[in-house]
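Letter by letter, the chains look like this.
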Amino acid sequence: ERLRRSHGEKSLRESLGVDFRVVMNCVARGETGDFVRGVRAKLVEKKAVESWNPPTLQEVTEDDVAAFFEPVDGVRDLELEEDGGVAVSAKM
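Residues numbered from 1 in each chain as written. Predicted model: local features only at pLDDT ≥ 70, side-chain atom pairs only at ≥ 80, totals over all residues. Heavy atoms only, no water.

> Tell me about the overall build of the protein chain, residues and numbers included.
Across its full length, the protein chain carries 4 helices and 2 strands. Reading the protein chain from its N terminus to its C terminus gives the helix and strand order α-α-α-α-β-β. For the protein chain, long-range pairs separated by at least 24 residues make up 48% of all intrachain contacts whose partners lie at least 6 apart in sequence. Accessible area for the protein chain stands at about 7,000 Å²; split by element, carbon and sulfur atoms hold 56% of it. (Helix = DSSP H or I, 4+ residues; strand = E, 2+ residues; numbered from the N terminus. Contact = heavy atoms within 4.5 Å. Areas by Shrake-Rupley, 256 points an atom, 1.4 Å probe, with all protein chains shown as cover.)

> Could you give an account of the pattern of salt bridges, with specific residues and numbers?
Enumeration over the complete set of coordinates arrives at 5 salt bridges. Between E45 and K47 there is a salt bridge, with its nearest N and O atoms 3.5 Å apart. The exposure class assigned to E45 is partly exposed, which follows from its relative accessible area of 41%. With relative accessibility at 43%, the residue K47 sits in the partly exposed group. Where salt bridges share partners, they join R40, E45 and K47 into one cluster. (Salt bridge = Lys/Arg side-chain N within 4 Å of Asp/Glu carboxyl O. Buried < 20%, exposed > 50% of the residue type's maximum accessible area, 1.4 Å probe, protein only.)

> A description of helix α2 (residues 12-28) should follow, citing residues and the corresponding values.
Under the 1.5 Å per step criterion, the end-to-end length of α2 is 24 Å for 17 residues, consistent within 8% with the ideal 24 Å. Regarding α2, the residues found buried are S15, G17, F20, V22, M24 and N25. Count one or two residues on from α2 and you reach G30, which has phi positive near 60°. (Expected span 1.5 Å × (residues − 1).)

> Break down the layout of surface pockets for me, with residues and values.
Of the volumes computed, that of the largest pocket is approximately 390 Å³. Taken together, 13 residues line the largest pocket, and the ones lying closest to its centre are R29, D34, N53, P54 and F68. Residue assignment for the lining of the largest pocket shows that the elements contributing at least two residues are α3 (34-44) and α4 (62-67). By residue class, the composition of the lining of the largest pocket is 7 nonpolar, 3 polar and 3 charged. (1 Å grid on protein atoms, 1.4 Å probe; cavity = no way out; pocket = protein on both sides within 12 Å on 5 of 7 lines; lining within 4 Å. Points joined across faces, edges and corners; volume = space filled by probe spheres on them. Nonpolar A, V, L, I, M, F, W, Y, C, P; charged D, E, K, R; others polar.)

> Lay out a nonpolar patch on the surface with the relevant residues and their values.
A surface patch of nonpolar side chains, amounting to about 540 Å² of accessible area, comprises V23, V27, F35, V39, L43 and V44. Those elements giving two or more residues to the nonpolar patch turn out to be α2 and α3. When residues of the nonpolar patch are assigned to their parent elements, the largest contribution, 4 residues, is made by α3. Overall, V39 belongs to the partly exposed group, its relative accessible area being 33%. (Patch = residues over 30% accessible without salt bridge, like charges linked within 9 Å, V, L, I, M, F, W, Y side chains within 5 Å.)

So, in structure tokens, the structure goes:
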């Protein structure tokens, strides 16, 4: 999905902004999200992740995927300055 959406991006700045939003959505799901549970299981507890939500790839809906591209409450989008500086504001 990320590759499909990248065709409309006009610059590296815009592409990095979309990537930032996707990552922030992964992290914002917290303890209930697969990303945090998967990292904890693999890196901290050193065990296999036994369950996903939804359980199979076939059960992932277009709305599930689209949600990762939406703004995150309390987090401004990535703002890259012309001089290469970065402005990010997160209230998580």
